[in-house]
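Residue-level structural notes
Spelled out, the chains give:
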Amino acid sequence: MTEVIRSAEALREKVAGWKRAGALVGVVPTMGALHDGHLSLAREARKQSDRVIVTIFVNPMQFNNPEDLKKYPRDEAHDLALLEADGVDVLFAPGPEEVYPDGFASKVTVSGVSEPMEGAFRPGHFDGVATVVTKLFGMTQAGRAFFGEKDWQQVQVVQRLVRDLNIPTRIIPCPTIREDDGLAMSSRNVRLTAAERAVAPALHREMQAAAAAIRGGTAPDAALGAAREAILAAGFASVEYLDLRDAETLQTATSLDRPARLLAAAALGEVRLIDNIAV
Ligand code: AMP
C-alpha cells in the first residue's frame, strides 16, 4: 500500500518512525503525470534505500510561463496506481499552501551552473527548483535523492546545492529513459499532436548525428550548425540552444579532452522539448 501524505508535519512523523528503526530513506521528486522515466527512478530508489518517498508537486515557483503551469498535465489517481504497483511507501503530494504558506519569503539561488541554457531561456526556473528541492530535502530528511539525467543541468544545479549548503542528501543521477524511437520520455509529450509526435524524435536523432560527427573530428560549430538546420527542417519551430558543454561545469566546450555533453532545447508547436547526450 502506498500511503498518501499531504502535510509536512505528517511526513515528518512518518519519517521519524522509519529513522528510529534505522531505515535509509530515498526520495524521488517529481511533478507527476508519471511515466517510465519517473518509475525507473522509483525502482532505483527501491534498490538503494529501505523506504521510498515519491513526491508530486507542480511547483509554481519554477514555471516562468503561466500558460505552461496551467497546461501542465495532472492525474494523481493514475500516478498513485503506478506507485502502488512499484511498491513505493509514501506519495507525498502537498498543496501549494503547504509548501508556500502565507509569509513565505526565502529563495535559494545557485549561481554558475544554473545560468546558461535553461537558466537563460527560463528566467527564475532554477531558483524555483533549488528552493523546492531544498524544502523537499528538509521535509523528507532523505539520505538519497534520485534525479533523471534527462534534466542534466538540473542534476548539476542540485549537486552544487547540496555541496554548498552541506545538505546530507546524496544525489543519485539515473539514465534517461526513451521511447523506442529515441524520444526522451517527458510528461509534456502528451501535449504533442500526432503530427508533432512523429517529428519529435528528430531532436535526439540529429543530436546523435552531431555527437558522432564531433567524435569523428568535425569542428563542433560546424556539426552543431548542421544539426540545428536539420532539426528545423524536420519541423521544429525553433531551436533555443544546442550546445556542447563541459559535462560538469556546463562551460562551453571546444574540445573533447574532458567529458562533454550535448544539450538542447527546441520548440515543437506549443511544446518545448529538452534532451542531452554524452559526446
Ligand atoms: P519532472 O516530473 O519532469 O519534474 O521529473 C521528475 C524527475 O524525473 C526528474 O529528476 C527528471 O529528470 C526525471 N525524469 C523525467 N523524465 C525522465 C526520463 N525520460 N528518464 C529518466 N528520468 C526522467
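Rules and cut-offs
Residues numbered from 1 in each chain as written. Predicted model: local features only at pLDDT ≥ 70, side-chain atom pairs only at ≥ 80, totals over all residues. Heavy atoms only, no water. UniProt positions renumbered as here; feature names shortened; annotations may be inferred. Helix = DSSP H or I, 4+ residues; strand = E, 2+ residues; numbered from the N terminus. Buried < 20%, exposed > 50% of the residue type's maximum accessible area, 1.4 Å probe, protein only. Contact = heavy atoms within 4.5 Å. Pairing = 2+ DSSP bridges. Axes fitted to C-alpha atoms, helices over the stretch in contact; angles between N-to-C directions. Domains from an automatic or database assignment. Buried area = accessible area lost by both parts, 1.4 Å probe. Salt bridge = Lys/Arg side-chain N within 4 Å of Asp/Glu carboxyl O. Polar contact = N/O pair within 3.5 Å; in protein donor to acceptor, adjacent residues only side chain to side chain. Nonpolar A, V, L, I, M, F, W, Y, C, P; charged D, E, K, R; others polar.

**With respect to the UniProt feature "binding site: beta-alanine" (unreviewed entry) in the chain**
The positions that UniProt labels "binding site: beta-alanine" (unreviewed entry) are, in the present scheme, Gln62. Residue placement: glutamine 62 occurs in the loop between strand S3 (51–56) and helix H3 (66–71). What makes glutamine 62 buried here is its relative accessible area of 9%. Once residues within four sequence positions are removed from consideration, glutamine 62 is found in contact with Met31, Arg122, His125, Gly128, Val129 and Val132.

**Brief notes about the sheet that holds strand S2 (residues 25–30)**
Pairing in this open sheet of 6 strands is parallel, and the strands run S1-S4-S3-S2-S5-S6 from one edge to the other. Two strands bound the open sheet, and with one partner strand each, they are strand S1 (3–5) and strand S6 (170–174). Geometrically, the sheet is characterised by an average inter-axis angle of 25° between neighbouring strands, direction not taken into account. Sheet topology note: the S2/S3 ladder contains 6 bridges and is parallel. Following the sheet pairing, valine 25 is matched in S3 by arginine 51. Of the strands in this sheet, S2, S3, strand S5 (144–148) and S6 touch helix H2 (residues 36–48), which is tilted by about 155° from S5. Each of S1, S3 and strand S4 (90–92) is contacted by helix H4 (residues 76–85), which is oriented at about 150° to S4, the strand it contacts most.

**Regarding the domain arrangement of the chain**
Split by domain assignment, the chain resolves into domain 1 (3–174) and domain 2 (187–278). For domain 1 versus domain 2, the distance between C-alpha centres works out to 26 Å. Residue-level contacts link 21 residues of domain 1 with 19 residues of domain 2. Contact between domain 1 and domain 2 buries roughly 1,800 Å² in total, counting both sides, with carbon and sulfur atoms accounting for 54%. Three residues, Met117, Phe121 and Trp152, lead the burial of domain 1 against domain 2; their summed loss comes to 34% of the area buried on that side. The tally of links from domain 1 across to domain 2 stands at 4 salt bridges. The partner of arginine 188 in a salt bridge is aspartate 68, and the shortest N-O contact between them spans 2.9 Å. Scanning the region where domain 1 abuts domain 2 turns up 11 residue pairs in polar contact (both at pLDDT 80 or more). Elements with a minimum of two residues in the side of domain 1 that touches domain 2: H3, helix H6 (118–121) and helix H8 (152–164). The leading source of residues in the side of domain 1 that touches domain 2 is H8, at 3 residues. Looking at side-chain class alone, the side of domain 1 that touches domain 2 contains 9 nonpolar, 5 polar and 7 charged residues.

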